[in-house]
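Structural overview
Letter by letter, the chains look like this.
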Amino acid sequence: MNDHHAFPFLREILLFLILAGILIPTLQRLRINQVLGFLAVGALLGPFGLGALAVDTPWLSFLTFPAGPGISMLAEIGVLFLMFMIGLELSAARLWSMRRWVFGAGTAQVAASATLIGAALYLYGLPGQAAVVLGLVLSLSSTAVVMQLMNQQHSTGTRLGQAAFALLMLQDLAVVPILILIGALAKGAGDGNSALLLAAITLAKAAGAIALIYLVGGRVVHPLFRAFARQRQPDVFMALVLLATFGIAALSAAAGLSMALGALIAGLLLAETEFKHEVELMVEPFKGLLMGLFFMTVGMTIDTRQILDAPLWLASFVLGLVLIKGIVVALLFRIGGLPWGRAVEGGLLLGQGGEFAFIVIGYAASSGVLDPALGARVMLAVGLSLFITPLLARLGTAIGDHLETRGDQLAAQHDHEALNAALNSARGQVVIAGFGRVGQQLGKLLTAQNIPFVAFETDARLVAQLRADGWPVWFGNAARPELLRRVHADEAPAIVLTMDQPLAALQAVHGIRREFPHVALFARSRDEKHARDLRLAGASVVVPETLEASLQLSSFVLGAMGLETRTIDAIVDRERALSAAAQLAPQPMAGPL
């Protein structure tokens, strides 16, 4: 049958869409990193996996991706959109807000890692040019894998998460000069000083071309989007996004640069406009699909058979890469103020090679800067480092927790005398049991009024952070009578329970009232039923979260309706009094009369 009139590469496109439709929900349900899943499937079904058997087993051709132009086309599209989405996230305002970590620690990490890795490869016997290129490429980590792992662990908002994200942002930016350098080295191939001079000239021309594309593109893209956005037609808007991506990529290629670099510039241009969030909404439905397309095509380029050819070399390479980058990142995080536990965790989290290695090494190999066989072996090592990243992340978390716990124990021993002194001097102070969000807010109000207090919290990490900030908080369970006696709770003007566990709060009220019957005891409750139980157990005043939130909201609504402040206060006070009376009212008996 003649296939010349069929849609080009239709089989490859259909197979990818089928695999993506199965893989994305399956990996999400199994909580498996999507990047690794697509890499594995690409390696399995690619030309170096089952695709190599398709010649002898024809039916496999329907389930595999044999080598050919179809693979190259899919890979080019995946690379362009990956670079575009990364550029879209790198706004100037975001970079400037984290400039200390991005440009300080990030630059130091890339420079130190590239120097150490390049020196190690040069001593191993690689030519100087290859060692420089690989040192720079391997200093970069995987933004896609690390960010997905941090999202799964809900750690993106922590100090470690912000520091890691800042380093990844700088690494994404570093791709630009690395790609320019490779292009310069490719055109400057020659002997001696003439090669260096030609490379420098090419580098300067490339930098000028990027500046020109960025400046001209900024003057064209923004007005173009503003003009067509008035029509409010989603299809026109999507067409403009595609035009900006492919158009600037084509301009970049015409200037002698890579199309991937042009796609990154297109993302950077749109990130500086008021249409950034609308573009993100447009691209969001396709983001997972396009990321999967890129990483599946990357997996297709990995020849896993080389593992059998050089297992010791690959193992040593991956181990050396993780150790060098892990040590550099850990030291920078520690210098930046993170505790040793979290610094080591960050080092292991960022110790792998990055997805840009596949782009840059492929470009370097095709340009003659790097030996293709060496490039293929290094790409395999980077792929293996990506596969072990979840294990490294779990190992880093375990080591970090162990070091932090040990540090807490040493700090507790060191502070033992200080604790005794503080407890003995705690006469007449308010006692706060639980120093989370509610407890800290109460502490701020008491401090503003110069009212002394002592607080207890059962979260050792939180205690360490708050004590470092100067709060009078100690590790311990304030529901224990012996601990309360140490702080002279019988002389305290008030004991405040802010803990959010209903059963623990109820047990604490019982114990405190039994030991200190005359102390004013204030408690926070989850809801009305919990408040009633606490009042019956002996709490002096109970504040239900739901009640106070609803009363505050009601007061704002009544004010918006035009009621006077006095009338609103009277209504709110009446409802609060009715709630307090309901807490003291006897419960109706259950069961039949």
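Here, the structure is the one placed above.
The present account deals with the structure reproduced in this document. Computed from a predicted model, the values in this text were never measured in an experiment. (Residues numbered from 1 in each chain as written. Predicted model: local features only at pLDDT ≥ 70, side-chain atom pairs only at ≥ 80, totals over all residues. Heavy atoms only, no water.)

Thoughts on the overall build of the protein
On a plain count of helices and strands, the protein comes out with 26 helices and six strands. By residue count, 46% of the 593 residues in the protein fall in the buried class. Residue pairs at least 24 apart in sequence account for 70% of intrachain contacts in the protein once pairs closer than 6 positions are excluded. Accessible surface for the protein amounts to roughly 30000 Å². Of this, 65% is attributable to carbon and sulfur atoms. (Helix = DSSP H or I, 4+ residues; strand = E, 2+ residues; numbered from the N terminus. Buried < 20%, exposed > 50% of the residue type's maximum accessible area, 1.4 Å probe, protein only. Contact = heavy atoms within 4.5 Å. Areas by Shrake-Rupley, 256 points an atom, 1.4 Å probe, with all protein chains shown as cover.)

Topic: the nonpolar core
If you look at the biggest cluster of nonpolar residues, it comprises 129 residues, and the most contacted ones within it are F84, F225, V279 and F333. Take this core: its biggest share by element is 17 residues, from helix α8 (residues 159–187). Those residues in contact with F333 that sit more than four places away from it in its chain are W101, L160, A163, A164, L167, L338, A343, G346 and L350. In terms of nonpolar packing, the next biggest core, distinct from the first, is built from 28 residues, A479, L521, A523 and L534 among them. (Core = buried A, V, L, I, M, F, W, Y, C linked by side-chain atoms within 4.5 Å.)

Describing the packing of aromatic side chains
Inspection of the entire model under this criterion finds five aromatic pairs. Measuring from ring centre to ring centre gives 6.0 Å for F435 and F453, while their planes differ by 25 degrees; the resulting arrangement is stacked. You can see F435 sitting in the loop between β1 (430–433) and α20 (437–448) and its partner F453 sitting in strand β2 (residues 453–457), a full 18 residues away along the chain. Exposure class is identical for F435 and F453. Each is buried. Aromatic side chains F453 and W471 sit 6.4 Å apart centroid to centroid with 50 degrees between the ring planes, which places their arrangement in the tilted category. Taken together, the positions of F453 in strand β2 and W471 in the loop between α21 (460–468) and β3 (473–475) put the pair 18 residues apart, joining distant regions of the chain. (Phe/Tyr/Trp six-rings, centres within 6.5 Å; stacked < 30°, edge-to-face > 60°.)

Concerning the sheet that holds strand β6 (residues 541–544)
Strand pairing in a sheet relies on backbone hydrogen bonds, with the paired strands running either antiparallel or parallel. Across the sheet, which stays open at both edges, the six strands sit in the order β3-β2-β1-β4-β5-β6 with parallel pairing between neighbours. Each edge of the open sheet is held by one strand with a lone partner, namely β3 and β6. When strand polarity is set aside, the average angle formed by the axes of neighbouring strands in this sheet is 20 degrees. Pairing between strand β4 (residues 495–497) and strand β5 (residues 521–525): three bridges, direction parallel. Considered in β5, the bridge of I495 is made with L521. (Pairing = 2+ DSSP bridges. Axes fitted to C-alpha atoms, helices over the stretch in contact; angles between N-to-C directions.)

Notes on the packing of helix α16 (residues 356–366) against helix α17 (residues 372–387)
Viewed as axis vectors pointing N to C, α16 and α17 meet at an angle of 175 degrees, and their least axial separation amounts to 10 Å. By the angle between their directions, the pair α16 and α17 is classed as roughly antiparallel. Of the residues in α17, those in contact with A357, F358, I361 and A365 of α16 are P372, G375, V378, M379, V382, G383 and L386. Looking at the contact of α16 with α17, its residues break down into nine nonpolar, two polar and no charged. (Parallel < 35°, antiparallel > 145°, perpendicular 65-115°, else oblique. Nonpolar A, V, L, I, M, F, W, Y, C, P; charged D, E, K, R; others polar.)

Structural notes on the pairing of β1
Going residue by residue along β1, you find V430 and I432 tucked away on one face and V431 and A433 tucked away on the opposite face as well. Pairing between β1 and β2: four bridges, direction parallel. Bridge pairing in β2 places V430 opposite F453. For the crossover that starts at β1, traverses α20 and ends in the parallel β2, the hand is right-handed. Where β1 lies against β4, three bridges are found, and the strand directions are parallel. Residue pairing in the sheet places I432 in a bridge with V496 of β4. (Right-handed = clockwise from strand over helix to strand, strands pointing away.)

As for the environment of Q440
Take Q440: it is sitting in helix α20. Spatially, the C-alpha atoms of Q440 and T498 are 9.6 Å apart, while their sequence positions differ by 58 residues. Apart from residues lying up to four places away in sequence, Q440 is in contact with F435, L462, L466 and W471.

What to know about helix α10 (residues 234–254)
With 21 residues, α10 extends 30 Å between its outermost C-alpha atoms, agreeing within 8% with the 30 Å of an ideal straight helix rising 1.5 Å per residue. Within the span of α10, buried status applies to F237, L240, V241, A244, T245, I248, A249 and S252. Down the axis of α10, the buried set is contained in an arc of 150 degrees. They therefore lie on one face. Looking at α10, the residues exposed on the side facing more than 90 degrees away from the buried face are D235, L243 and A254. A positive backbone phi angle near 85 degrees is found at G256, which sits one or two residues after α10. (Expected span 1.5 Å × (residues − 1). Arc of directions from axis to C-beta.)

Re helix α15 (residues 340–349)
In an α-helix, one turn spans 3.6 residues; hence positions three or four apart end up facing the same way. With eight of 10 residues buried, α15 lies mostly within the body of the structure. Among the residues of α15, G341, R342, A343, E345, G346, G347, L348 and L349 are the ones counted as buried.

Thoughts on a nonpolar patch on the surface
Taken together, the side chains of L319, L323, I327, L331, W340, L395, I399 and L403 define a hydrophobic patch exposed on the protein surface, amounting to about 720 Å² of accessible area. Elements with a minimum of two residues in the nonpolar patch: α14 (311–335) and α18 (389–414). Tracing the sequence through the fold places L319 in helix α14. (Patch = residues over 30% accessible without salt bridge, like charges linked within 9 Å, V, L, I, M, F, W, Y side chains within 5 Å. Salt bridge = Lys/Arg side-chain N within 4 Å of Asp/Glu carboxyl O.)

Regarding empty space enclosed by the protein
In the structure shown here, the tally under the stated rule is two cavities of 30 Å³ or more. By volume, the largest cavity amounts to about 50 Å³. Lining the largest cavity, in full, are I86, E89, L90, T143, F165, L168, M169 and D172. Residue assignment for the lining of the largest cavity shows that the elements contributing at least two residues are α3 (69–89) and α8. The greatest single-element share of the lining of the largest cavity, amounting to four residues, is contributed by α8. Broken down by class, the residue content of the lining of the largest cavity amounts to five nonpolar, one polar and two charged. In this model, the second largest cavity occupies a volume close to 30 Å³. Along the lines of polarity and charge, the residues of the lining of the second largest cavity split into one nonpolar, two polar and four charged. (1 Å grid on protein atoms, 1.4 Å probe; cavity = no way out; pocket = protein on both sides within 12 Å on 5 of 7 lines; lining within 4 Å. Points joined across faces, edges and corners; volume = space filled by probe spheres on them.)

A few points about the side chain of T245
Along the chain, T245 falls in helix α10. Using a relative accessible area of 1% as the deciding quantity, one classes T245 as buried. A distance of 2.9 Å separates the side chain of T245 from the backbone oxygen of V241, its partner in a polar contact. Apart from residues no more than four positions distant in its own chain, T245 is found in contact with F84, A263 and A266. (Polar contact = N/O pair within 3.5 Å; in protein donor to acceptor, adjacent residues only side chain to side chain.)

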